[in-house]
2 protein chains.
Amino acid sequence: MKVTVGISNRHVHVTKEHLETLFGKGYQLQILHPVNQPGQYASTEQVTIVTKKSKIEGVRVLGPTRSYTQVEISRTDAFKLGITPPVRDSGDVFESAPITIIGPCGKVELKEGCILANRHIHMTPEQQKEFGFIGISKVRIQIGGEKGGILDNVYIKVDPESYYEMHLDTDDANAFLLKNGDEVEIEEEEDYGK
Amino acid sequence: MKVTVGISNRHVHVTKEHLETLFGKGYQLQILHPVNQPGQYASTEQVTIVTKKSKIEGVRVLGPTRSYTQVEISRTDAFKLGITPPVRDSGDVFESAPITIIGPCGKVELKEGCILANRHIHMTPEQQKEFGFIGISKVRIQIGGEKGGILDNVYIKVDPESYYEMHLDTDDANAFLLKNGDEVEIEEEEDYGK
């Protein structure tokens, strides 16, 4: 069973309220280009993420707005910023790392909200059934090449509004020399003792 | 069989001649601190590495001088610099990526010399025998944890002047949430069809 790789660079999701704090009252995100997940897009808007130690400029805001504000970075970014965000499912920000987001009109100081996104594969309930993933919460991925190997703990995320694709952060992609659109092999295992 | 992780951040090895070009006639590297491999050290000296696209400042020079000049970076660095260095054994710089090194007294324009270092484990001939690695050129490494998995193509490097340790670049370390000094498990396999 194959799946296509989609690489997530550092990015930010924002609530409508925080969008207005960052970009101004009544502000609407502008679509730069759609991403593969239906209805989602990279916006033209960028912010700066700041910690006591350092900052990273030019961090893309993904749209549309969500019910939570969240900053997704790599561990490489985390070292630069001097923080230790946990590995989490998107939206699971409870007791994640604090971080400040700065936009042209204001700043949002998050007491929690910065995570390393877990490795995951998006699929619809129909694909889950068709591809044999019913009852399987996570899988291992086999990657070939000079810096190949296996990625454990790749979570299956089922949602009716999905495009079948595996999301990895830039650390995973760069460690394994993966590019957007590469096809890799899923080893299906329901429980392998991790 | 366990091995300890040593993480290699981007660094530069230089010939005596290039050291003098970068830092001045008769210059000697100053020891900042020894590293685990016998006789090797991080020097106090830092350089800037430059490509047409970008540059990275504060890149550490490792001493002592060698018979070749080589820049070892991560793929994350390579994207920033806009180059595609091959995965290589240290010293194997033939047709590797071009890069320029700038020091306080001059610059060295390398037509080849920038690589991504391969994953490798240092050991002495005695350890190779004692630990059962005779005839084994590379192994796989099992890593646990939330972003665990397996690293393939970890080369065995045998030299009488060795400290038993696995060297990974920052991409591999960050993808797997590894820290310096972590202990990981070797799966010994002589030939696994990669």
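Residues numbered from 1 in each chain as written. Chains lettered and ligands numbered in written order. Predicted model: local features only at pLDDT ≥ 70, side-chain atom pairs only at ≥ 80, totals over all residues. Heavy atoms only, no water.

Participant: For the pattern of salt bridges, give the residues involved together with the corresponding values.
Facilitator: All names here are of chain A. As enumerated under the stated definition, the model contains 26 salt bridges over all chains in all. Note that arginine 10 is salt-bridged to aspartate 77, the shortest N-O span being 2.9 Å. Of this pair, arginine 10 sits in the loop between β1 (2-8) and β2 (11-13) while aspartate 77 is found in helix α2 (residues 75-81), placing the two residues 67 residues apart along the sequence. Exposure remark for arginine 10: the relative accessible area of 27% places this residue in the partly exposed category. (Salt bridge = Lys/Arg side-chain N within 4 Å of Asp/Glu carboxyl O. Helix = DSSP H or I, 4+ residues; strand = E, 2+ residues; numbered from the N terminus. Buried < 20%, exposed > 50% of the residue type's maximum accessible area, 1.4 Å probe, protein only.)

Participant: Residues and numbers for the nonpolar core, please.
Facilitator: Residues Ile121 and Ile141 of chain A together with Ile121 and Ile141 of chain B are the most contacted members of the largest nonpolar core, which totals 43 residues. With residues up to four places along the chain from it excluded, the contact list for isoleucine 141 of chain B reads Val3, Ile121, Gly149, Ile150, Leu151, Val154, Met166, Val184, Glu185 and Ile186 of chain B. (Core = buried A, V, L, I, M, F, W, Y, C linked by side-chain atoms within 4.5 Å. Contact = heavy atoms within 4.5 Å.)

Participant: Run through helix α1 (residues 16-23) of chain A, naming residues and quoting values.
Facilitator: Residues and elements named next belong to chain A. Those residues of α1 not exposed but buried are His18, Leu19, Glu20, Leu22 and Phe23. Packing partners of the buried residues in α1 comprise β4 (41-50), β5 (55-63), β8 (97-103) and β9 (106-117). Following α1 by one or two positions, glycine 24 adopts a phi angle in the positive range, close to 115°.

Participant: So what about the side chain of aspartate 171 of chain A? Which residues, and what values?
Facilitator: Inspection of the secondary structure assignment puts aspartate 171 of chain A in helix α4 (residues 170-175). Among the polar contacts listed, one links the side chain of aspartate 171 of chain A to the backbone nitrogen of arginine 75 of chain A, at a separation of 2.9 Å. Apart from the residues within four sequence positions on either side, aspartate 171 of chain A is in contact with Ser74, Arg75 and Thr76 of chain A together with Asp171, Asn174 and Ala175 of chain B. (Polar contact = N/O pair within 3.5 Å; in protein donor to acceptor, adjacent residues only side chain to side chain.)

Participant: Residues and numbers for the interface of chain B and chain A, please.
Facilitator: Taken together, the contact pairs 30 residues of chain B with 30 residues of chain A. At the boundary of chain B with chain A, total buried surface from both sides reaches about 2,400 Å², with 46% on carbon and sulfur atoms. Inspection of the region where chain B meets chain A yields 4 salt bridges. Among the salt bridges present, the one from lysine 147 of chain B reaches aspartate 169 of chain A, with a minimum N-O distance of 3.0 Å. Where chain B touches chain A, the interface holds 21 residue pairs in polar contact (both at pLDDT 80 or more). (Buried area = accessible area lost by both parts, 1.4 Å probe.)

Participant: Requested: an account of unusual backbone geometry, with residues and values cited.
Facilitator: Geometrically, the link from glycine 63 of chain A to proline 64 of chain A is a cis peptide bond, its omega value of 0° lying close to zero. Structurally, proline 64 of chain A is set in the loop between β5 and β6 (70-72). Phi angles above zero are rare outside glycine, and glutamate 95 of chain B is one such case at about 55°. Tracing the sequence through the fold places glutamate 95 of chain B in the loop between β7 (87-88) and β8 (97-102). The class of glutamate 95 of chain B is exposed, set by a relative accessible area of 58%. Not every positive phi belongs to a glycine, and leucine 177 of chain B is a case in point at roughly 60°. Here leucine 177 of chain B lies in the loop between α4 (170-175) and β14 (183-187).

Participant: Please set out the pairing of strand β10 (residues 120-123) of chain B residue by residue, giving values where relevant.
Facilitator: All names here are of chain B. Burial along β10 is two-sided: His120 and His122 and Ile121 and Met123, pointing in opposite directions, are all buried. Here β10 runs beside strand β12 (residues 149-158); their pairing, made up of 4 bridges, is parallel. When the bridges of β12 are listed, histidine 122 appears paired with lysine 157. Where β10 meets strand β13 (residues 165-169), 3 bridges bridge the pair, whose relative direction is antiparallel. Within the sheet, the bridge partner assigned to histidine 120 lies in β13 and is histidine 167. (Pairing = 2+ DSSP bridges.)

Participant: Give me the lowdown on the packing of aromatic side chains, citing residues and values where you can.
Facilitator: Both the distance between ring centres and the angle between the ring planes are used here to describe each pair of aromatic rings. Counted under the stated rule, the structure contains 5 aromatic pairs over all chains. When the centroid spacing of 5.8 Å and the interplanar angle of 50° are considered together, the rings of phenylalanine 176 of chain A and phenylalanine 176 of chain B count as tilted. Of the two residues, phenylalanine 176 of chain A sits in the loop between α4 and β14 (183-187) while phenylalanine 176 of chain B sits in the loop between α4 and β14, which places them in two different chains. The exposure classification of phenylalanine 176 of chain A matches that of phenylalanine 176 of chain B, with both residues buried. (Phe/Tyr/Trp six-rings, centres within 6.5 Å; stacked < 30°, edge-to-face > 60°.)

Participant: An account of the confidence of the model for chain A is needed here, citing residue identities and associated values.
Facilitator: Within chain A, residue pLDDT values average 96, and 97% of them lie at 70 or more. Note on the complex model: pTM 0.94, ipTM 0.93. (pLDDT = per-residue confidence, 0-100.)

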